[in-house]
Amino acid sequence: MPIAMITGATSGFGRAAARRFAAEGWSLILTGRRTERLEALKAELGDQVEVLALTLDVRDAEAVAQAVEALPAAFRGVTCLVNNAGLALAPAPAQQVDLKDWHTMIDTNITGLVNVTHALLPRLIESGAGASIINIGSVAGSWPYPGSHVYGATKAFVEQFSYNLRCDLQGTGVRVTDIAPGMSQTEFTLVRTKGDQAASDKLYAGTTPLQPEDIAAQIVHVATLPAHININRLEVMPVRQAWSPFAIDRD
Ligand code: NDP
Ligand code: 8X3
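Sequence positions are assigned chain by chain, starting from 1 and proceeding in written order. Written order decides the labels, with chains lettered from A and ligands numbered from 1. Two thresholds apply to this predicted model, a pLDDT of at least 70 for residue-level local features and 80 or more for giving and counting side-chain atom pairs, whereas whole-chain, interface and lining totals are computed over all residues. As a rule here, side-chain values cover all heavy atoms of the structure and leave hydrogens and water aside.

Visitor: Sorry, what's going on with the overall build of the protein here?
Guide: Only DSSP runs of H or I reaching four residues or more are called helices, and only runs of E reaching two or more are called strands; each is numbered from the N terminus. The helix and strand tally for the protein stands at eight helices and seven strands. A compact globule built from 251 residues would reach a C-alpha radius of gyration of about 18 Å, and the protein, at 18 Å, matches this within 12%. Projected onto the principal axes, the alpha-carbon positions of the protein cover approximately 65 × 40 × 35 Å. Three exposure classes are used, based on accessible area relative to the maximum for each residue type with a 1.4 Å probe and protein chains only: buried under 20%, partly exposed in between, and exposed over 50%. The buried share among the 251 residues of the protein stands at 49%. Two things to know: the radius of gyration comes from C-alpha atoms, and the globule rule equals 2.2 Å times the number of residues to the power 0.38.

Structure representation (structure tokens):
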């Protein structure tokens, strides 16, 4: 049975992807910091497929390496890594935000993603043809907007790291894809606004954002393509989201 390791499986895209992979019969390694949510998901999916729940902060390189090293035999042959754990903070303009929030985004979205990738690469290469790394980037990695500052820059890193990984993995059979979603209704905005439920509800009100299941479907689609196909980047927006004209400062 193929095995997927998903970071950030306690919410949003990660949790929806876990459910979708389980429906396809994949064994799952579910990770995140909130143990009770991981256990609840394991209880939900554990009758369907083999599930290992690992409480893990992706920012902790040593803990990540140890957890991967200690994977039980049944879960060692990971075939798909979904690097999904991530967050945005500090939606205010760059000149007004707390430096700590920038560091948290860099530590999670960049350092955390490379920690997990580095630990899993030997396993994925052992799995060979058909294995994949699916990195969750964002439209914010390609398109600037106010308040995106470090968040968008971390996602630009995810895009370029994905392409560069492909070069180095040439010949191993391991595929790499950057999936770049647009506006999606998850806990993302609640986290970004540090718990402001009203702000989160307002952002998604009166429009039709993507749902976690929409991106989960793309993740599983990419992971289950024939082994000779690599989608390099998949940018997905809701129909009701598009770009704006340039902002011009006038006297
Ligand atoms: P959610 O807030 O719903 O989920 C984020 C997940 O990341 C949670 O499971 C959380 O788990 C996990 N996570 C955060 N920090 C850490 C950490 N240090 N260690 C381990 N896990 C962590 O948001 P989304 O599902 O929307 O976000 C998933 C990814 O999608 C992120 O990378 C985000 O940047 C990206 N994205 C989101 C978009 C959106 O509009 N929603 C659009 C484009 C991209 P826990 O707190 O339990 O650790
Ligand atoms: C999150 C999507 O549009 O809020 O990555 O930047 S957006």
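Visitor: Help me out: how do you make sense of the environment of Met1 in this one?
Guide: Mapped onto the fold, Met1 is located in the segment before strand S1 (3-7). Separated by 126 residues in sequence, Met1 and Ser127 place their C-alpha atoms 12 Å apart. The contact definition used throughout considers only heavy atoms, calling two residues in contact when any of these lie within 4.5 Å. Setting aside residues no more than four positions away along its own chain, Met1 makes contact with Gly25 and Ser27.

Visitor: When you look at the state of the cysteines in this model, what are you seeing that I'm missing?
Guide: Where two cysteines share a covalent bond between their sulfur atoms, that bond is called a disulfide. By disulfide we mean two sulfur atoms from cysteines, separated by a distance within 2.5 Å. Going through the model one piece at a time under the given rule, you end up with zero disulfides. For Cys80, which is in no disulfide, the shortest distance to another cysteine sulfur is to Cys167 and amounts to 20 Å. By relative accessible area, Cys167 is classed as exposed at 57%.

Visitor: When you look at helix H3 (residues 61-69) in this model, what are you seeing that I'm missing?
Guide: Since one α-helical turn is 3.6 residues long, residues separated by three or four positions face the same way. Those residues of H3 that fall on the buried side of the exposure criterion are Val64, Ala67 and Val68. With its buried residues spanning 95° around the axis, H3 presents them on a single face. For H3, exposure combined with an orientation more than 90 degrees from the buried face picks out Glu62, Gln66 and Glu69. Here the buried face of H3 lies against strand S3 (51-55) and helix H4 (99-127). Each direction from the helix axis to a C-beta atom contributes to the arc, which is the arc of those directions.

Visitor: Help me understand the nonpolar core in this model?
Guide: As a rule of thumb, nonpolar side chains are buried together in soluble globular proteins. In plain words, nonpolar cores are sets of buried Ala, Val, Leu, Ile, Met, Phe, Trp, Tyr and Cys residues tied together by side-chain atoms within 4.5 Å. Grouped together as the largest cluster of nonpolar side chains are 32 residues, with contacts concentrated most on Ile6, Phe21, Leu28, Leu30, Cys80, Ile134 and Ile219. Leu28 has contacts with Ala4, Ile6, Ala18, Phe21, Ala22, Leu45, Val49, Glu50, Val51, Leu52 and Phe75, leaving out every residue within four places of it along the chain. Judged by nonpolar contacts, the second largest core, of 28 residues, contains Met5, Leu56, Val78 and Leu81.

Note that every value here comes from positions in space, so none of it alone points to a role or purpose.
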